[in-house]
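Given next are the chains, with one letter for each unit.
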Amino acid sequence: MVMNMTGIFRMADTDVQLLSIAEKVYNRERISEEEGLALFEKGELSFLGALANYISNDLHKNKVYFNRNFHIEPTNVCVFTCNFCSYSRQYKHRDEGWELSIEQMMDIVRKYDGQPVTEVHIVGGVHPKMNLEFFCELLSRIKAHRPDLHLKGFTAVELDYMFRKAKLTIEEGMQKLKDAGLQSLPGGGAEIFAPEVRNIICADKVDGDGWLHIHQTAHSLGMHSNATMLYGHVEQYKHRIDHMSRLRALQDITGGFNCFIPLKFRNAGNDMSHISESTITEDLRMYAIARIFMDNFRNLKAYWPMLGRQTAQLSLSFGVNDLDGTIDDTTKIYSMAGSEEQTPSMSTEELCDLITAVGRTPVERDTLYNELKTYEATA
Ligand code: V47
Ligand code: SF4
């Protein structure tokens, strides 16, 4: 007789509450906030991994997605002062940072002429002089040069500032960007929504409700977006659950989120350097719980430039089904915060090898998770 997963946990004398969660997962039922918290407090890595794997195998079989993309970071000059940020420079110190002109950004785009990239990811600091008009021009120039590229850009933090400065409602501002070619929003700026944490780590930028409202508006205009959570600093487990719960509730309404991306706090070169980084075990537990709790998010992404490629590879056994992109050396957010990936770039072959080495099948996707190409395992 073949025993199901919950039978094995029963034999292993698993805690009663965890057993009942395993039963729910087995039946693909939603777990509550209280149960999510119990997973953080009591769930062992192997238990969480088994549940998370069960769900991702059910959803995606053996497939792991990746994307061919490149990043443009228009500037690292920023009016905000997030304490975890190693990357930004204040306007008065802008000579220590960078500010790219539209022409310089078009040079980056032109570098990829003839290459099979499908997406450009545009995100940076909040520069007081780079306004809505500037970014609309950038988007239309890129679209005119390379109509096949999917334009994913601007965190809710950048958008909130841009629209307020232009004295437009979120809907009006978003429509202008959409008309100029913007197709999706990345997930940055979410951090932790709970005000008692947000006030410690990033007090002066858009709050949790504002972030959610901007994404909801994008979804209402037919655009898609991603969602992130910055974990492993001063927050408690209950704040992670609250954050994921609010995202889950919005996803129930709009269905507009493509994926969820937990981002591990890195502590080099910022005002929170005294806080230790989370362990790999804690990182894997985080991914597994995200996979179990966020039942209406099909895709769970490990962003390897920040996590490091080995932990990213391990995460594939803990619910992750997406490794983001091949990315060139154009993102500095994590190398400046202490990631071991100083020049994050991986060729398609390297990325596929990393995936096949753990018995999974690499599938290239576009931004909206349409499958473009399946790569069979090489010898
Ligand atoms: O919001 C900043 C994070 C985010 C640190 O949507 C840090 O596909 C860890 O959101 N340690 C911006 N994290 C990047 C981002 C992103 C990245 C990749 C893909 C997508 C996507 C979105 O980076 C910020 C913040 O949460 N961040 N500093 C740090 N020291
Ligand atoms: Fe600015 Fe973003 Fe850094 Fe915050 S995380 S200081 S908003 S660049």
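Engineer: Could you give an account of the packing of helix H5 (residues 102-111) against helix H6 (residues 132-145), naming the residues involved and the relevant values?
Structural biologist: Between two packed helices, what matters for the description is the angle formed by their axes and the separation of those axes. Close contact between H5 and H6 brings their axes to 10 Å; oriented N to C, the two are set at 30°. Relative to H6, H5 is oriented roughly parallel. For the pair H5 and H6, the sense of crossing is right-handed. On H6, the residues that touch Ile102, Glu103, Met105, Met106, Val109 and Arg110 of H5 are Phe134, Glu137, Leu138, Arg141, Ile142 and His145. Among the residues making up the contact of H5 with H6, the classes are represented as seven nonpolar, one polar and four charged.

Engineer: Can you break down the nonpolar core residue by residue, with the values?
Structural biologist: Membership of the largest hydrophobic core comes to 113 residues, with the highest contact counts inside it found for Ile142, Leu177, Met244, Leu247, Phe260 and Leu323. Those residues within four positions of Leu177 in sequence are excluded, and the remaining contacts are Leu132, Cys136, Leu139, Phe154, Leu159, Met162, Phe163 and Leu182. Formed by six residues, the second largest nonpolar core is a distinct cluster that contains Cys78, Phe80, Val126 and Tyr161.

Engineer: Explain the sheet that holds strand E11 (residues 371-374) to me, using residue names and the numbers behind them.
Structural biologist: Across the sheet, four strands lie side by side as E9-E1-E10-E11; this open sheet has mixed pairing. With one partner strand each, in any of the chains shown, strand E9 (322-325) and E11 form the two edges of the open sheet. Here the average twist between neighbouring strands, direction ignored, is 30°. Contacts from helix H15 (residues 348-356) reach strand E1 (63-67), E9 and strand E10 (361-365), with the element oriented near 160° to E1.

Engineer: Provide a residue-level description of the pattern of salt bridges, including the pertinent values.
Structural biologist: The full count for this structure, using the stated rule, is 23 salt bridges. In this structure, Glu191 and Lys205 form a salt bridge, with 2.7 Å as the shortest nitrogen-oxygen distance. Of this pair, Glu191 sits in the loop between strand E5 (184-185) and helix H9 (195-201) while Lys205 is found in the loop between H9 and helix H10 (208-220), placing the two residues 14 residues apart along the sequence. The residues Glu191 and Lys205 share a single accessibility class, namely buried. What you see here is one network of salt bridges that share partners, running through Glu103, Asp107, Arg110 and Arg141.

Engineer: An account of the site of ligand 1 is needed here, citing residue identities and associated values.
Structural biologist: Lys152, Gly187, Gly189, Glu191 and Lys301 are the nearest of the 23 residues found near ligand 1. The contact in question runs from an oxygen atom of ligand 1 to an N or O atom on the backbone of Gly187, over 2.8 Å. Gly188 is positioned with one of its backbone polar atoms (N or O) 3.2 Å from an oxygen atom of ligand 1. Calculation on ligand 1 without its partners gives an accessible area of 620 Å², and the protein chains cover 96% of this total. Elements with a contribution of two residues or more to the shell around ligand 1: strand E6 (224-231) and strand E7 (257-264). In the shell around ligand 1, the residues fall into ten nonpolar, seven polar and six charged.

Engineer: Before we move on, could you go through the domain arrangement of the protein chain and cite the residues and values that matter?
Structural biologist: The assigned domain composition of the protein chain is domain 1 (5-59) and domain 2 (64-374). Taken together, the contacts link 21 residues of domain 1 with 25 residues of domain 2. Between domain 1 and domain 2 the total buried area reaches about 2,100 Å² when both faces are included, carbon and sulfur atoms providing 66% of it. By the criterion of area lost to domain 2, the three top residues of domain 1 are Arg30, Phe40 and Leu45, representing 38% of everything that side buries. At the boundary of domain 1 and domain 2, one finds two salt bridges. For Arg30, the salt bridge is made with Asp252, and the minimal N-O distance between the two is 2.9 Å. For the pair domain 1 and domain 2, the number of links is ten residue pairs in polar contact (both at pLDDT 80 or more). If you list the elements that add at least two residues to the side of domain 1 that touches domain 2, you get helix H3 (33-42) and helix H4 (45-60). Broken down by element, the side of domain 1 that touches domain 2 gets its largest block of residues, ten residues, from H4. Of the residues contributing to the side of domain 1 that touches domain 2, the split by class is eleven nonpolar, seven polar and three charged.

Conventions we followed
- Residues numbered from 1 in each chain as written.
- Chains lettered and ligands numbered in written order.
- Predicted model: local features only at pLDDT ≥ 70, side-chain atom pairs only at ≥ 80, totals over all residues.
- Heavy atoms only, no water.
- Axes fitted to C-alpha atoms, helices over the stretch in contact; angles between N-to-C directions.
- Helix = DSSP H or I, 4+ residues; strand = E, 2+ residues; numbered from the N terminus.
- Parallel < 35°, antiparallel > 145°, perpendicular 65-115°, else oblique.
- Left-handed = near helix turned anticlockwise from the far one by under 90°.
- Contact = heavy atoms within 4.5 Å.
- Nonpolar A, V, L, I, M, F, W, Y, C, P; charged D, E, K, R; others polar.
- Core = buried A, V, L, I, M, F, W, Y, C linked by side-chain atoms within 4.5 Å.
- Buried < 20%, exposed > 50% of the residue type's maximum accessible area, 1.4 Å probe, protein only.
- Pairing = 2+ DSSP bridges.
- Salt bridge = Lys/Arg side-chain N within 4 Å of Asp/Glu carboxyl O.
- Near = heavy atom within 4 Å.
- Polar contact = N/O pair within 3.5 Å; in protein donor to acceptor, adjacent residues only side chain to side chain.
- Areas by Shrake-Rupley, 256 points an atom, 1.4 Å probe, with all protein chains shown as cover.
- Domains from an automatic or database assignment.
- Buried area = accessible area lost by both parts, 1.4 Å probe.

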